[in-house]
Amino acid sequence: MASLLTKGGIVVQKISQQTPQKRQLWQEVVRTRVDQTTGKAKYEQPLKTIMRATRGMGNDDSKRQAKQVNYTRYEKPWMKKQRKKGERIYRRKKTQVQELTKYVHFLRDQTK
């Protein structure tokens, strides 16, 4: 939708922002099939129809919401390298401290 405005003899086209369209009505039907042997109609279970309808209604925003859940924070590659490097240093120092505490306990036990 565009409207024309004039400013100082110049025609300016103003474009209004449109909201994305969503389904306002979702309709599902119970599926039927004809049995080959008896010739009678077999109806689908209503629960399957309900599940299909809820899945269809949720498709509008569900993909976007799932992406938001899984994609909480973007980490640049160089920042990831820095973080991993820091974690490696932390783990190495942690093992060194654990070995040192074991040594101190060993010395304490030997003096007793």
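Preceding block: the structure.
So, here's what we can say about the structure. (Residues numbered from 1 in each chain as written. Predicted model: local features only at pLDDT ≥ 70, side-chain atom pairs only at ≥ 80, totals over all residues. Heavy atoms only, no water.)

Topic: the overall build of the protein chain
- Secondary structure summary: the protein chain contains three helices and four strands in total.
- Relative to its 112 residues, the protein chain shows a buried fraction of 4%.
- For the protein chain, restricting intrachain contacts to residue pairs at least 6 apart in sequence, the fraction spanning at least 24 positions comes to 21%.
- Surface accessibility of the protein chain: about 11400 Å² in total, with carbon and sulfur atoms responsible for 55%. (Helix = DSSP H or I, 4+ residues; strand = E, 2+ residues; numbered from the N terminus. Buried < 20%, exposed > 50% of the residue type's maximum accessible area, 1.4 Å probe, protein only. Contact = heavy atoms within 4.5 Å. Areas by Shrake-Rupley, 256 points an atom, 1.4 Å probe, with all protein chains shown as cover.)

Quick word on a positive patch on the surface
- Together, Lys80, Lys84, Lys85, Arg88, Arg91, Arg92 and Lys93 make up a region of like positive charge exposed at the surface.
- For Arg92, the location among the structural elements is in helix α3 (residues 77-111).
- Judged by its relative accessible area of 47%, Arg92 falls in the partly exposed class. (Patch = residues over 30% accessible without salt bridge, like charges linked within 9 Å, V, L, I, M, F, W, Y side chains within 5 Å. Salt bridge = Lys/Arg side-chain N within 4 Å of Asp/Glu carboxyl O. Lys, Arg positive; Asp, Glu negative; His and termini not counted. Charge placed at Lys NZ, Arg CZ, Asp CG, Glu CD.)

Comments concerning the side chain of Glu44
- With respect to the helices and strands, the residue Glu44 is situated in the loop between β4 (41-43) and α1 (46-58).
- A distance of 3.1 Å separates a polar atom in the side chain of Glu44 from a polar atom in the side chain of Thr49.
- With near-sequence residues (within four places) excluded, Glu44 lies in contact with Val29, Val30, Arg31, Thr49 and Arg52. (Polar contact = N/O pair within 3.5 Å; in protein donor to acceptor, adjacent residues only side chain to side chain.)

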